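# Examining the three-dimensional arrangement
Residue strings, one per chain:
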Number of protein chains: 2
Amino acid sequence: MPLIRPLKTLIAAGALSLLAVGPALAESAVELRGTGDLGVVIERATGSVALVDTTHKTVLKNIEGFGDLSHASVKFTRDARHAFVFGRDGGLTRLDLLTGEIDGRIIQGGNSIGGAISQDGRYVAVGNYEPGGVKVFDVETMELVVDVPATYKKADGTTDQAKVVGVVDVPGNMFVFSLFEAGEIWTLDMSTEEHEVTRYRDIGSMPYDALITANGRYYIAGLFGEDGMALLDLWHPEKGVQRILPDYGRGEERLPVYKMPHLEGWAMAGSQAFFPAVGRNEVLVADTRDWSLTQRIEVHGQPIFVMSRPDEQQVWVTFAHPNNDRVQVIDTRTHEVIETLSPGESILHKEFTPRGEHIWISARDSGHVVVYDTRTFEELARLPAESPSGIFFTHRAHRIGL
Amino acid sequence: MPLIRPLKTLIAAGALSLLAVGPALAESAVELRGTGDLGVVIERATGSVALVDTTHKTVLKNIEGFGDLSHASVKFTRDARHAFVFGRDGGLTRLDLLTGEIDGRIIQGGNSIGGAISQDGRYVAVGNYEPGGVKVFDVETMELVVDVPATYKKADGTTDQAKVVGVVDVPGNMFVFSLFEAGEIWTLDMSTEEHEVTRYRDIGSMPYDALITANGRYYIAGLFGEDGMALLDLWHPEKGVQRILPDYGRGEERLPVYKMPHLEGWAMAGSQAFFPAVGRNEVLVADTRDWSLTQRIEVHGQPIFVMSRPDEQQVWVTFAHPNNDRVQVIDTRTHEVIETLSPGESILHKEFTPRGEHIWISARDSGHVVVYDTRTFEELARLPAESPSGIFFTHRAHRIGL
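As a convention, each chain's residues are numbered from 1 in the sequence order in which they are written. To label them, take the chains in the order written and letter them from A, then take the ligands in the order written and number them from 1. With pLDDT at 70 or above as the cut-off, local features in this predicted model cover only qualifying residues; side-chain atom pairs require 80 or more to be listed or tallied, and sums for whole chains, interfaces and linings still use all residues. Values reported for side chains reflect all heavy atoms of the structure, with hydrogen atoms and water molecules removed beforehand.

### Regarding the side chain of N173 of chain B
Residues and elements named next belong to chain B. Numbering of helices and strands runs from the N terminus, with a helix taken as a DSSP run of H or I at least four residues long and a strand as a DSSP run of E at least two residues long. Within the secondary structure, N173 is located in the loop between strand 16 (164–170) and strand 17 (174–179). Polar contact criterion, stated in full: a pair of N or O atoms within 3.5 Å, where within protein one must be able to donate a hydrogen and the other to accept it, and residues adjacent in sequence count only if both atoms are side-chain atoms. Among the polar contacts listed, one links the side chain of N173 to the side chain of D120, at a separation of 2.9 Å. Excluding residues within four positions of it along the chain, N173 makes contact with S118, Q119, D120, Y123, L188, D189, M190 and S191. Residues count as neighbours in contact if any of their non-hydrogen atoms are within 4.5 Å of one another.

This is the structure we're talking about:
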């Protein structure tokens, strides 16, 4: 930015200590910059993270030391300066996007699956597989604020901690999550010091993942143990959990499922929801007003992520093995597949830029991330990354449930 | 943030020159910080801007030199580092939110009313009253890229430039705007070097403002010269401009209107639109599927801004003189007024924090901005400001049409 360049200053990390030791440039230079066009790419094989710039489509730095990052996810702080990375080893790691350095890391559980940051930005919640339950930490100090063991009574009368999945933030400074073995949905209210928990029981067998709609109203859990889904309307919690889409799942034939689809990726476009069928080469369409199934769209493979471009005019689909070498684009007006792309081998994740002009797609076994123009489908950049998986941009800091 | 503090460095503005002159702290210290929780408040009387921090609810700095800021609006760059301020004197001023300094200012027209930044972040468009037309500048260099005079043929056969209102950005790297005297809507395509303009003629008499829905699909212009509104469906431009809400406006009785309501503030909640009646103490509700009017909600005065909390569960309403000392809150589930607040005199604008936990409200004649908790309606902070009007937070950088 020519006009800005004179003001843009390369600043040594730790200017105060620099001032103490005199005018020598420290090793790592930190640039004064906005954080609105930053993002991270999980590099699962090396336990590292690629810090990226979505304006210049470049990798700024690769940062190591995050532990086991298979299936890792990321949440951003309210000021979009820090990323919290939830690792499979129970590690909770905070990355400073400006210095490109880890400035906090704890092992908070044995095996964590993801988490969320509260509406007010003060708390980060982590859902655990081992030993189960949810732990909530202060975003600034990373000290434990509340421990929710998620205890349930087993059939034999003894108690145990349930694996926690589908942790999301919702308005009212609440967290919502599901208990796998217990078949329950819980809400945790962080708006008062009581940290009140509300339990919804008998919601269905083995909730394995969940999604929250963009307005934070509908929490929907997918069930591994039976067909159908569990819906909690947070605007009307007094109605309890309802069952929707009774045929959704593997069905009586128990179709071979290569990988259970991600629910977080459900695409909402107007009053339509586009979502992955289980075990079938189909994207399903439902009317969100009554959750009735309205259409099946044939696609290249078993869909994993079905994501809406921010303007809702396109839905982009990735697939399970062995068809995970393609990405397809559906037009939400015609419901037709309008494009099939081949970004590489083992395509794992994708992320739209905030206003949707570009999409970034990770191809794990090709060792790169490909950036496309979503209007022309032109390839704009191909960036090297070590076994890239999840891609997350900082605008998520400002969205409910992201 | 205790754990971060050791890494957080107070850095003198212009560290390189600092290094050249030796270890002396320059006058203005610039903090390394994320830009996701920054914002600006327009101080219209003094032509200044208050730079604010929405996490700590504080004014960081007051910056002068923006010219005439009556009715000023603001757009943020893609990286959320800079704010472009559109002044009434035709000034286009760029503020660096990190240094708190103006780093670019041009007088690009005689009287500008607002503008937009393109989807790709490269272009800033300004709509002008005097001499009319739209000018598009490079966001980095602030050099003119394209000048669209918005010329139309008058009844006497001569041509003139029309006043341009309702400039918005939409997907496909386009700008959309309305021509007041001409009664036309134009689109300007910035995705190719041709900068193609498409005209929609005879859309109605004297479009005075416009709104774009959050997904960038519907562009709706309000008409000063007649009742009804003009709707352009950008997913189906071949259908041309349709007329909706035929009774919307001042009506045959020509009600006394204290101030034409802002259209930008239309609140969309699910398939309902909540919007200000013209000249009546009512908020109107329409079904966005067919744009039929479904309800009239009686409120405290003639509404000006009707804005939806990000979770769509509440709609907050400000009013025209002489009832501009109150703010009312409508529950979108029951359509009842659930709260009436008194933040001060001459309430002009309001802005929700990105995930909606707080709202900031400017009370011009009281010289302050009040921050409320939107769940408890508790007052959280009261910040001094010189005749505050518009409030804008950086998350707008990542939204279509904002």
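Moving on, there is more to tell.
### Some words on the pattern of salt bridges
Residue and element names in this part refer to chain B. Any Lys or Arg side-chain nitrogen found within 4 Å of a carboxyl oxygen on Asp or Glu counts as a salt bridge. Scanning the entire structure with this criterion turns up 40 salt bridges over all chains. Its salt-bridge partner being D53, residue R33 comes within 3.3 Å of it at the nearest N-O pair. Of the two residues, R33 is situated in the loop between strand 2 (29–31) and strand 3 (38–43) and D53 in strand 4 (residues 48–53); the sequence distance between them amounts to 20 residues. Between R382 and E379 there is a salt bridge, and its shortest N-O distance comes to 2.9 Å. Residue burial is assigned from relative accessible area. The probe radius is 1.4 Å, only protein chains are included, and a residue is buried under 20% of its type maximum, exposed over 50%, and partly exposed in between. A relative accessible area of 43% means that R382 is categorised as partly exposed.

### Some thoughts on the sheet that holds strand 10 (residues 111–117) of chain B
Residue and element names in this part refer to chain B. Read across the sheet, four strands follow the order 10-11-12-13 without closing on themselves; strand pairing throughout is antiparallel. Among the strands making up the open sheet, the edge pair consists of strand 10 and strand 13 (144–148). When the angles between neighbouring strand axes are averaged without regard to direction, this sheet yields 20 degrees. Where strand 10 meets strand 11 (residues 123–130), six bridges bridge the pair, whose relative direction is antiparallel. For G114, the partnering residue across the bridge sits in strand 11 and is G127. Two strands pair if DSSP finds at least two bridges between them. Lines fitted to the C-alpha atoms define the axes, with helices restricted to the stretch that makes contact. Angles between their N-to-C directions range from 0 to 180 degrees.

### A few points about the sheet that holds strand 30 (residues 327–331) of chain A
Residue and element names in this part refer to chain A. An order of 28-29-30-31 is seen for the four strands of this open sheet, with the pairing classed as antiparallel. Two strands bound the open sheet, and with one partner strand each, they are strand 28 (303–308) and strand 31 (337–341). Strand after strand, the sheet turns through a mean of 20 degrees between neighbouring axes, direction not considered. In this structure, strand 28 lies alongside strand 29 (residues 314–319), joined through four bridges in antiparallel fashion. Across the sheet, the residue bridging to P303 is F319, located in strand 29.

### Description of the packing of aromatic side chains
Residue and element names in this part refer to chain A. Working definition: rings of Phe, Tyr and Trp (its six-membered ring) pair if their centres are within 6.5 Å, and the pair is stacked with planes under 30 degrees apart, edge-to-face with planes over 60 apart, and tilted otherwise. Tallying each qualifying case throughout the model produces 14 aromatic pairs over all chains. On the numbers, 6.3 Å between centres and 70 degrees between planes, the contact of Y208 with F224 is edge-to-face. Here the residue Y208 occupies a position in strand 20 (residues 207–212), and F224 occupies one in the loop between strand 21 (218–223) and strand 22 (229–233), the gap between them amounting to 16 residues. With a relative accessible area of 15%, Y208 lands in the buried category. With a centroid separation of 5.9 Å and 50 degrees between ring planes, the pair formed by W316 and F377 is classed as tilted. Taken together, the residues span a long stretch of sequence, with W316 in strand 29 and F377 in the loop between strand 34 (368–373) and strand 35 (379–384) at a distance of 61 residues. Members of the aromatic cluster, joined through ring pairs, are W316, F352 and F377.

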